[in-house]
Amino acid sequence: MSTEQGSGVTVVDHPLVQHKLTLLRRRHTATGEFRNLAREISLLMAYEVTRNLPLERVTIETPLETMEAPLLSGKKLCFVSILRAGDGLLQGMLDLVPSARVGHVGLYRDPVTREPVQYYLKLPEDIASRQVIAVDPMLATGHSAAAAVTCIKQAGASQVSFVCLLAAPEGLAVFSAAHPDVPVFTASVDRELDSHAYIRPGLGDAGDRLFGTK
Ligand SMILES: O=P(O)(O)OC[C@H]1O[C@H](OP(=O)(O)OP(=O)(O)O)[C@H](O)[C@@H]1O
Ligand SMILES: O=c1cc[nH]c(=O)[nH]1
Ligand SMILES: [Mg+2]
């Protein structure tokens, strides 16, 4: 279940996603539960982002007869996790598509300038021939997501989607201006960014909550 918001933004409004997101946001949700919920939600998000994958019809033998049946065709998938919080969404995606390749872009937000600083990049050699789904729970100012997608495109990928849990309206505008061809799937578009560029009402710092670092 999803709602197209215009400008390539889809809010995944499936009741299971929305219920689990509420549990995830709660201040007292502990690290282990937070991690499990992120994994469960990302599996459901993967279901939505892969909804339009092309199918071809192939001939198979059931135990009883021959039939024409649908099978995925077209480009194979590559998930790209934006470190570190993106790793919280990776396992759920892989639960659904275990054969996908995985890349990593390491970025952190400079606390003063709030601009993303890149410290790592490892993408599959054949990324140009794959459909890429980049994942990061938070799209706040949108600069980290935009920088990561720029790296992915520079590596040759031409079909890219972006999946997050929460997005701020300001960040969506920045991201869509930088990458109008990249659809965004989010579980929620929250109200606003605060003066520290945190998403409100939000869920706090996704990386710290996933890994228990604060
Ligand atoms: O849209 P932006 O304003 O760029 O902010 C979003 C980024 O901030 C968080 O990462 P953070 O820099 O905290 O790094 P971490 O994943 O290592 O915690 C989040 O996971 C995004 O990558
Ligand atoms: O609200 C926010 C903004 C950026 N990064 C986070 O983890 N949370
Ligand atoms: Mg963080």
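Within an unreviewed UniProt entry, the label attached to the protein reads Uracil phosphoribosyltransferase, and the organism entered is Roseomonas elaeocarpi. Recorded under Function (unreviewed entry), the UniProt text for the protein is reproduced unchanged: "Catalyzes the conversion of uracil and 5-phospho-alpha-D-ribose 1-diphosphate (PRPP) to UMP and diphosphate." Under the UniProt heading Catalytic activity (unreviewed entry), the entry covering the protein gives this text: "UMP + diphosphate = 5-phospho-alpha-D-ribose 1-diphosphate + uracil".

(A) Representation of the site of ligand 2 within the structure. Near ligand 2 the following residues occur: Arg109, Met138, Ala140, Ala197, Tyr198, Ile199, Gly204, Asp205 and Ala206. The separation between an oxygen atom of ligand 2 and a polar main-chain atom of isoleucine 199 is 2.8 Å. In the model, an oxygen atom of ligand 2 is placed 2.8 Å from a nitrogen or oxygen of the alanine 206 main chain. Here ligand 2 loses 89% of its free accessible area of 240 Å² to cover by the protein chains.

(B) Seen up close, the site of ligand 1. Taken together, 16 residues lie around ligand 1, and Arg109, Asp136, Ala140, Thr141 and Ser144 are the ones closest in. At a separation of 2.9 Å, an oxygen atom of ligand 1 approaches a polar backbone atom of glycine 142. Within the side chain of serine 144, a nitrogen or oxygen atom sits 2.5 Å from an oxygen atom of ligand 1. Burial of ligand 1 by the protein amounts to 90% of the accessible area it has alone, namely 500 Å². Counting only elements with at least two residues in the shell around ligand 1, the list comes to strand E6 (101-109), strand E9 (138-139) and helix H4 (143-154). When residues of the shell around ligand 1 are assigned to their parent elements, the largest contribution, three residues, is made by E6.

(C) Representation of the pattern of salt bridges in the model. Under the defined criterion, the tally for this structure stands at ten salt bridges. Where arginine 25 meets aspartate 190, a salt bridge forms, and the shortest distance between an N and an O atom there is 2.8 Å. Of this pair, arginine 25 sits in helix H1 (residues 15-25) while aspartate 190 sits in the loop between strand E11 (184-189) and strand E12 (192-193), and the two are 165 residues apart along the sequence. Residue classification places arginine 25 among the partly exposed residues on the basis of a relative accessible area of 23%. Given a relative accessible area of 6%, aspartate 190 falls into the buried group. Look at the salt bridges and you will find they share partners, linking Arg84, Asp208 and Lys214 into a network.

What counts, and where the lines are drawn
- Residues numbered from 1 in each chain as written.
- Chains lettered and ligands numbered in written order.
- Predicted model: local features only at pLDDT ≥ 70, side-chain atom pairs only at ≥ 80, totals over all residues.
- Heavy atoms only, no water.
- UniProt positions renumbered as here; feature names shortened; annotations may be inferred.
- Near = heavy atom within 4 Å.
- Polar contact = N/O pair within 3.5 Å; in protein donor to acceptor, adjacent residues only side chain to side chain.
- Areas by Shrake-Rupley, 256 points an atom, 1.4 Å probe, with all protein chains shown as cover.
- Helix = DSSP H or I, 4+ residues; strand = E, 2+ residues; numbered from the N terminus.
- Salt bridge = Lys/Arg side-chain N within 4 Å of Asp/Glu carboxyl O.
- Buried < 20%, exposed > 50% of the residue type's maximum accessible area, 1.4 Å probe, protein only.

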